[in-house]
Amino acid sequence: MGEAVRVKDLSVWYGSQKALDNVSITVPRGSVYAILGPSGCGKSTLLRAINKLVLLRDGVRVEGEVRVFGVDVYRDPRGEEVLARVGMVFQTPNPFPHLSIYDNVAIGPRLRGQSKGRELDELVRWALEKAGLWEEVRDRLRKPASELSGGQQQRLCIARALALRPGLLLMDEPTANLDPLNAARIEELVKELSREITIILVTHDAEQAQRLARRGALLFMGRVVEEGLLSGILSRPYSKVLQALVAKCRVAGGDGEATEPLLP
Amino acid sequence: MKPDLLRASGSRRNALATHMRAKPDPLLLILAPSAIALLAISAAIAAVLVTGSLDTWIHEGPGFLASSEWSPSEERRGTYRVLAPLAGTLVVAGIASAIAAYLAVAVAVYLHEYAPRRVREVVEPSLYSIAALPTVVFGMWGLSTVAPLVRQSGLASLCARGSPTGQSFFTAGLVVGLMIAPYAAAVVSEAYRAVPFTYVEALYSLGAKGFERARVILGMVKGSLLAAAVLSFGRAAGETTVVTLTVGNAVNMPFCLFEPGHTVSSLIASQFGNAYLYPGMESALLAAALVMVLVSSASTTLGLKLARAAIKRARGGEA
Ligand SMILES: Nc1ncnc2c1ncn2[C@@H]1O[C@H](COP(=O)(O)OP(=O)(O)O)[C@@H](O)[C@H]1O
Ligand SMILES: [Mg+2]
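The shown structure was predicted, so the numbers you read here are calculated from the model rather than taken from an experiment.

J.: Describe in detail the overall build of chain A, supporting the description with residues and values.
T.: Broken down by element type, chain A carries 10 helices and 10 strands. A compact globule built from 264 residues should have a C-alpha radius of gyration of about 18 Å, and chain A, at 19 Å, falls within 12% of that. By residue count, 53% of the 264 residues in chain A fall in the buried class. Across chain A, contacts joining residues at least 24 apart in sequence account for 67% of those joining residues at least 6 apart.

So this is what it looks like as structure tokens:
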């Protein structure tokens, strides 16, 4: 049971539109796993299917199996417990704007009634340190989170997720809305955190994927077209890979319902 | 080069101005008279209230607002002071807006955190239709159903002069509160729905349960909640029909909620028709109306200001 996440034959529909088609991936523990693909191919859907957030959308239907640390999260009653230790970081920094910096980080542990007082202070500090934000905010923990810059807000969101003491961290294009400098800081963080936490990183940036992850999956129109070592997936330039996929798709009828494998 | 540019832009501005002068917007032609008419009507009402009440302000001075003595007389000028109905207005509106705010929050949280989607889709728009019912319907319901319930509850025995009919400050506040609750609920529900979805997702990812999510989201929209409460207060303070039918119509300080009383609106509604028989009463009622206009326009202005600030904050202005 070495893997952190195993997705098997997963299909997701939004109403009648199929967003994921028989997706299977295996994410080993203690590493960064990249989910690559062009915009709209289903990356966010896959990520949200892992922690069941996809069920929040209207008219969604999920088929298949998702195991997180061995537990089938859609069927096993222990799923909730397991998902309580899965953190998520979103594409746009979304700290709660009306809460203080401290309260943003403390919200997860508080909701679970786990720690209070001193212990909570320690946990908040630990999470902020891990997220590389402590030095910048230690003097203004009671200030509203909305006063922080975009990059700081994203690191605050990482701290908020880390305060859950997660075994798995899901990150949906966490640098897509940041300037290069702040993006680089987040990348550093991802590298450091991955020593202790399994991270699944959604990105449409192949270079970022190569900098951070060894393994990953390439999605195209809701299907996994390749999975495994990134060195293999990206043995050709990413743009060429996508071009080939698009060309292949056109030949197959343009609706993404091609039955043959999409990669040459 | 530069002066040239300046001249060019200057002449373009002139051209624009002439164009506007030459061809007035037809919409303006329709709207301007209506706007002027509205302003004129408001001014006329204000003028009637001010001139009509002048006599009272001169006669009674600040005592008009500071005492609750109300002794009408047909022979000579009676004493008409409105502290009691003024206090009654605040109490009834306070009860009503508290009830409405509570119900509005409860309904919004239920609809968004617990109700199945289909229920929400039916209930949410119907809140507006309930809000559009004529107020007299609520007044009759209050008189025929709620007042007897209050009487049977025996709560009146808590008060020295408890209402024998069930009509009281509390009854009026309750009925008005229930009447404005759907509208308040629609406002809160809309604010709740306007919270960007990403925060909802964040809350789920943090493992927040229904009421925990509600607490955070209500915190995010608390500006709108406050605005809804203040606007409800203003609406309740001005409510006339329902209150006149349910408040019991007695000039009485609201020290005990289950006694009959008056609000300024119910006092005016029930007395103005006969006021000409009592020297000084008409002027006193106009003065009371003037005070109400000031109170309700102040609370509406405050409510709208709060609402605007809340919208600005929600759009990511500042926290
Ligand atoms: N809430 C939704 N309702 C309907 N369709 C959706 C919804 N969210 C995403 N989709 C569709 O599902 C597909 C995959 O979307 P998404 O997972 O967001 O892709 P990506 O993250 O790779 O850009 C897209 O075609 C998108 O239009
Ligand atoms: Mg996405």
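J.: Could you give me a rundown of the packing of helix α4 (residues 83–114) of chain B against helix α9 (residues 210–220) of chain B, with the residues and numbers involved?
T.: A pair of packed helices can be characterised by two numbers: the angle between their axes and the separation between those axes. All names here are of chain B. Direction vectors running N to C along α4 and α9 enclose 120°, while the axes themselves pass 10 Å from each other. When the axis of α4 is compared with that of α9, the two are oblique. Considering the relative orientation of α4 and α9, their crossing is right-handed. For the pair α4 and α9, the contacting residues are V105, V109, E113 and Y114 in the first and G210, F211, R213, A214, I217 and L218 in the second. For the contact of α4 with α9, the residue count by class is 7 nonpolar, 1 polar and 2 charged.

J.: Lay out the site of ligand 1 in plain terms, naming residues and giving numbers.
T.: Residue and element names in this part refer to chain A. In the region of ligand 1, the neighbouring residues are Y14, Q17, A19, P38, S39, G40, C41, G42, K43, S44, T45 and R57. Take Q17: an N or O atom from its side chain is 3.1 Å from an oxygen atom of ligand 1. One of the backbone N or O atoms of K43 is found 2.9 Å from an oxygen atom in ligand 1. Taking 560 Å² as the accessible area of ligand 1 by itself, protein coverage stands at 66%. Those elements that provide at least two residues to the shell around ligand 1 are β2 (17–28) and α1 (43–50). Take the shell around ligand 1: its biggest share by element is 3 residues, from α1. Split by residue class, the shell around ligand 1 holds 4 nonpolar, 6 polar and 2 charged.

J.: Give me α1 of chain A: which residues, what numbers.
T.: All names here are of chain A. When you tally the buried positions in α1, you get 7 out of 8 residues, the bulk of the element. All buried positions along α1 are accounted for by K43, T45, L46, L47, R48, A49 and I50. Immediately downstream of α1, the backbone of K52 shows phi near 70°, a positive value.

J.: Break down a nonpolar patch on the surface for me, citing the residues and quoting the values.
T.: Residues and elements named next belong to chain B. A surface patch of nonpolar side chains, amounting to about 390 Å² of accessible area, comprises I130, L133, V136, V137 and M140. With 3 residues, the top contributor of residues to the nonpolar patch is helix α6 (residues 135–153). Assignment of secondary structure puts I130 in helix α5 (residues 117–131).

J.: Pulling in residues and values, what's your account of the sheet that holds β2 of chain A?
T.: All names here are of chain A. Strand order in the open sheet made by the 4 strands is β2-β1-β4-β5, with antiparallel pairing throughout. Whereas interior strands pair on both sides, the edge strands pair on one side only; in this sheet they are β2 and β5 (71–72). In this sheet, β5 lies alongside strand β4 (residues 60–68) in antiparallel orientation, the contact comprising 2 bridges. Across the sheet, V68 pairs through a bridge with V71, a residue of β5.

J.: Please give an account of the state of the cysteines that cites residues and values.
T.: Covalent bonding between the sulfur atoms of two cysteines defines a disulfide. Residue and element names in this part refer to chain B. On inspection of all chains with the given rule, the structure shows 1 disulfide over all chains. With a sulfur-sulfur separation of 1.8 Å, C159 is cross-linked through a disulfide to C256. Torsion about the S-S bond of the C159 and C256 cystine: about -80°, corresponding to left-handed handedness. Residue C159 is found in the loop between α6 and α7 (169–194), and its partner C256 is found in the loop between α11 (241–246) and α12 (264–271); the two are separated by 97 residues along the sequence. With respect to burial, C159 and C256 carry one shared label: buried.

J.: Tell me what's going on with the domain arrangement of chain A, and back it up with residues and numbers.
T.: Residue and element names in this part refer to chain A. As assigned here, chain A comprises domain 1 (1–85 + 170–264) and domain 2 (95–165). Taking only C-alpha atoms into account, the centre of domain 1 sits 27 Å from that of domain 2. Between domain 1 and domain 2, the contact holds 12 residues from the first and 14 residues from the second. In total, domain 1 and domain 2 occlude about 1100 Å² of area from one another, counting both sides; carbon and sulfur atoms represent 58% of this. For domain 1, the biggest contributors to the area lost against domain 2 are R85, R185 and L189; these three give 39% of the whole. There are 2 salt bridges connecting domain 1 and domain 2. Its salt-bridge partner being R185, residue E136 comes within 3.4 Å of it at the nearest N-O pair. Linking domain 1 to domain 2 there are 6 residue pairs in polar contact (both at pLDDT 80 or more). For the side of domain 1 that touches domain 2, the element with the highest residue contribution is helix α7 (residues 180–193), accounting for 5 residues.

Quick notes on the rules
Residues numbered from 1 in each chain as written. Chains lettered and ligands numbered in written order. Predicted model: local features only at pLDDT ≥ 70, side-chain atom pairs only at ≥ 80, totals over all residues. Heavy atoms only, no water. Helix = DSSP H or I, 4+ residues; strand = E, 2+ residues; numbered from the N terminus. Rg over C-alpha atoms; globule rule 2.2 N^0.38 Å. Buried < 20%, exposed > 50% of the residue type's maximum accessible area, 1.4 Å probe, protein only. Contact = heavy atoms within 4.5 Å. Axes fitted to C-alpha atoms, helices over the stretch in contact; angles between N-to-C directions. Parallel < 35°, antiparallel > 145°, perpendicular 65-115°, else oblique. Left-handed = near helix turned anticlockwise from the far one by under 90°. Nonpolar A, V, L, I, M, F, W, Y, C, P; charged D, E, K, R; others polar. Near = heavy atom within 4 Å. Polar contact = N/O pair within 3.5 Å; in protein donor to acceptor, adjacent residues only side chain to side chain. Areas by Shrake-Rupley, 256 points an atom, 1.4 Å probe, with all protein chains shown as cover. Patch = residues over 30% accessible without salt bridge, like charges linked within 9 Å, V, L, I, M, F, W, Y side chains within 5 Å. Salt bridge = Lys/Arg side-chain N within 4 Å of Asp/Glu carboxyl O. Pairing = 2+ DSSP bridges. Disulfide = S-S within 2.5 Å. Domains from an automatic or database assignment. Buried area = accessible area lost by both parts, 1.4 Å probe.

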